[in-house]
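Chain and residue survey
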Amino acid sequence: FTQTGYAKHVKEQKGYDDLLAKEISLEGKVYMVTGANSGVGFEVAQLVARKGAATYLVCRNAKRGEQARQAIVEATGNEDVFLLLADVSLEADVRNLWVQFESHSTEVRGLAALRLDALVTNAGALLNERTLSAEGVEITFASHLLFGTYLLGKLAIPTLEATDGRMVVVSSGGMYNTK
């Protein structure tokens, strides 16, 4: 998880340059990225928006989420970048997030059917001390696995299957620090 490790292993990776190639277009595709206001989530959201996908940013903080949305629109010229607010460590928020996505996609954007080509579950937290959410679930477990990945994925699967979509789960190297 260092620059040296990256430099050593990047040579073995194939396909990344193809993804960045200008001729690849994601126009007509719909992507949802959790934790999209910074880091890996922001970069993924910006990449798919640059390729023309309608991009849904899932963020916990309205101000930081809107700043990320505006930055992506400005950098890519893609106006189809939308902000959905949810704390993925909370079951109620994840369920509400899916309802927001369904109504925005079909009612606001005027799609005949719900479409999701890729769900990137990236949001998470790695806290130093055991901390419970407002719903009584440990936050790292809830955000990375229980609600932010499993529940959101379960809600999305019928739509992903209907559009031959994919779910990408992003994980942190921080997990290697403990048994």
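Structure: above.
Below or above, wherever it landed, is the structure these notes cover. (Residues numbered from 1 in each chain as written. Predicted model: local features only at pLDDT ≥ 70, side-chain atom pairs only at ≥ 80, totals over all residues. Heavy atoms only, no water.)

Let us now look at the side chain of Asn 122. Relative to the helices and strands, Asn 122 is located in the loop between β4 (118-121) and α6 (139-162). Within the structure, the side chain of Asn 122 is placed 3.2 Å from the backbone oxygen of Gly 35, a separation counted as a polar contact. Each residue touching Asn 122, except ones within four places of it in the same chain, is listed here: Thr 34, Gly 35, Val 40, Gly 41 and Val 170. (Helix = DSSP H or I, 4+ residues; strand = E, 2+ residues; numbered from the N terminus. Polar contact = N/O pair within 3.5 Å; in protein donor to acceptor, adjacent residues only side chain to side chain. Contact = heavy atoms within 4.5 Å.)

Let us now look at the layout of surface pockets. In this structure, the largest pocket occupies an estimated 520 Å³ of space. For the lining of the largest pocket, the elements supplying multiple residues, two or more each, are α3 (39-50), β2 (54-59) and α6. (1 Å grid on protein atoms, 1.4 Å probe; cavity = no way out; pocket = protein on both sides within 12 Å on 5 of 7 lines; lining within 4 Å. Points joined across faces, edges and corners; volume = space filled by probe spheres on them.)

With that settled, consider the environment of Gln 46. For Gln 46, the location among the structural elements is in helix α3. Relative accessible area serves as the criterion here: at 13%, Gln 46 is assigned to the buried category. The spatial distance from the C-alpha of Gln 46 to the C-alpha of Ala 71 is 8.8 Å, given a sequence separation of 25 residues. Non-local contacts of Gln 46, meaning those with residues more than four positions away in its chain, are made with Ala 71, Ile 72, Ala 75 and Thr 76. (Buried < 20%, exposed > 50% of the residue type's maximum accessible area, 1.4 Å probe, protein only.)

Here we come to the sheet that holds strand β5 (residues 166-169). The 5 strands lie next to each other as β3-β2-β1-β4-β5, forming an open sheet whose pairing is parallel. A strand with exactly one partner marks an edge of an open sheet, and here the two such strands are β3 (81-85) and β5. Averaged over neighbouring strand pairs, the angle between their axes works out to 15° when direction is ignored. By the bridge criterion, 3 bridges tie strand β1 (residues 30-34) to β4 in an arrangement that is parallel. Pairing of Val 33 across the sheet is with Val 120, part of β4. Those strands touched by α3 are β1, β2, β3 and β4, and its axis lies near 170° from that of β1. α6 contacts β1, β4 and β5 of the sheet and is inclined by roughly 180° relative to β4. (Pairing = 2+ DSSP bridges. Axes fitted to C-alpha atoms, helices over the stretch in contact; angles between N-to-C directions.)

Read these as spatial facts, not as claims about activity.
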